[in-house]
Amino acid sequence: MTRRLRFTGTDSKNGACPALHEDLDTGEIVVQGSPLTDPLELGQLQHLGPEDTAVVVPRELLVNHGPKEVTRVPRLIGPEEFGRLFETFEHSAWHLETRHGYASDREDPSYAAFIATGTAAWDTDNAWCTNIRRQTSLGKYVGRVRVVDDPPTTGQLFLLDYAKCNAATGEDVRNLWRAEAMRARLPGEDFWIFDSRLVAVLDFDEDDTLLDIEVITEPAEVLRYCQVRDAAVHHAIPYDEFAAQMAADGQ
């Protein structure tokens, strides 16, 4: 089976050899460099098999771009780098929302409008909507599953109404009762997955304020989050069907 390789990095000034790539399925590292061909030099290598090839790369390449630990080492990024992920992802961006509410929502004028009228005000021409609409128009997938308490919190009711805005930009928005999420063994983590290869885990305080954003790229860990995504999407239902069910139940 053909390997799926992701470019990791190079110290070459022109973007050429030497370089490192990572196997997206196994986590193995592919080293690209100049072959070692001198027989006397090859003779000094231990355990070089008849099918093996030796390559020469600068030490800096491994230091700067090689994995530093066998297991994942947490890497935090700031809001600006996080924001760029929504502009540079290649084919998919997906969010599991597990909070009872978000401080950033409560600071939005749309939230005040919802409290006053029961309907969220929204503007599809703002920066977020403009970018997401551009991404989905290119055929990229953007989706989210929102976990909802029973009874829903005010913040969750706001997001259920605001889902109309999300959907207007091309997002696939779904909802799932928390009890069902627990039966499906979904974690309580709140995170985004980009291109099924990078996970951004969002850490909040007790007031629902975002504290840190941790990036995970270790293949086995990313796979675990992708399995969570698949289970969440399977059990969740479209936001409009969810809202209709709530209305029918008198909520």
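Refer to the structure presented above.
Conventions adopted
- Residues numbered from 1 in each chain as written.
- Predicted model: local features only at pLDDT ≥ 70, side-chain atom pairs only at ≥ 80, totals over all residues.
- Heavy atoms only, no water.
- Helix = DSSP H or I, 4+ residues; strand = E, 2+ residues; numbered from the N terminus.
- Rg over C-alpha atoms; globule rule 2.2 N^0.38 Å.
- Buried < 20%, exposed > 50% of the residue type's maximum accessible area, 1.4 Å probe, protein only.
- Contact = heavy atoms within 4.5 Å.
- Areas by Shrake-Rupley, 256 points an atom, 1.4 Å probe, with all protein chains shown as cover.
- Pairing = 2+ DSSP bridges.
- Expected span 1.5 Å × (residues − 1).
- Polar contact = N/O pair within 3.5 Å; in protein donor to acceptor, adjacent residues only side chain to side chain.
- Salt bridge = Lys/Arg side-chain N within 4 Å of Asp/Glu carboxyl O.

Engineer: Looking at this model, I keep getting lost on the overall build of the protein. Mind explaining?
Structural biologist: Check the secondary structure of the protein and you find ten helices and 13 strands. Taken over the C-alpha trace, the protein has a radius of gyration of 23 Å; the compact-globule value for 251 residues is 18 Å, which it surpasses by more than 25%. For the protein, the proportion of its 251 residues judged to be buried stands at 38%. Considering only contacts in the protein between residues 6 or more positions apart, those separated by 24 or more positions represent 67%. With an accessible surface of roughly 14700 Å², the protein has 52% of that area assigned to carbon and sulfur atoms.

Engineer: What is the right way to read the pairing of strand β12 (residues 210-216) from this model?
Structural biologist: Regular strands have side chains that alternate between both faces of the sheet. With three bridges connecting them, strand β6 (residues 75-77) and β12 associate as antiparallel partners. Counted as the bridge partner of R75 is V215 from β12. Linkage of strand β11 (residues 198-204) to β12, two consecutive antiparallel strands, is achieved through a turn of five residues, within which D208 is found at a positive phi near 70°.

Engineer: Would you explain helix α9 (residues 219-235) in this entry?
Structural biologist: The periodicity of an α-helix, 3.6 residues per turn, causes residues three or four places apart in sequence to face the same way. Under the 1.5 Å per step criterion, the end-to-end length of α9 is 25 Å for 17 residues, consistent within 8% with the ideal 24 Å. Listed in full, the buried residues belonging to α9 are P219, V222, Y225, C226, V228, R229 and A232. The elements touched by buried residues of α9 are β2 (19-23), β7 (92-97), β8 (141-148), β10 (190-194), β11 and β12. One side-chain oxygen at the N-terminal end of α9 lies 2.9 Å from the backbone nitrogen of E221; it belongs to E218.

Engineer: Explain the pattern of salt bridges to me, please; I cannot follow it from the model alone.
Structural biologist: Pairing is possible between side chains of opposite charge, provided their charged atoms come close. Scanning the entire structure with this criterion turns up 15 salt bridges. For D208, the salt bridge is made with R106, and the minimal N-O distance between the two is 3.2 Å. Highlighted residues: D208 in the loop between β11 and β12 and R106 in helix α4 (residues 103-106), separated in sequence by 102 residues. E171 is the salt-bridge partner of R144, the closest N and O atoms lying 2.7 Å from each other. Here R144, found in strand β8, pairs with E171, found in the loop between α7 (154-168) and β9 (172-177); they are 27 residues apart in sequence, far enough to count as distant. Judged by relative accessible area, R144 falls into the buried class, the value being 6%.

Engineer: Hey, could you run me through the side chain of S110 in this one?
Structural biologist: Take S110: it is sitting in helix α5 (residues 109-117). By relative accessible area, which is 9% here, S110 ends up buried. Once residues lying within four places of it in the same chain are set aside, the contact partners of S110 are A120, A121, W122, F158 and Y162.

Engineer: Looking at this model, I keep getting lost on unusual backbone geometry. Mind explaining?
Structural biologist: Backbone torsion omega between D150 and P151 reads 5°, so that peptide bond is classified as cis. Locating P151 in the fold gives a position in the loop between β8 and α7. Even without being a glycine, H47 presents a positive backbone phi close to 65°. Counting through the fold element by element, H47 comes out in the loop between α1 (39-42) and β5 (55-56). Although it is not a glycine, D208 adopts a positive phi angle of roughly 70°.

In short, shape yes, function no, at least from these values alone.
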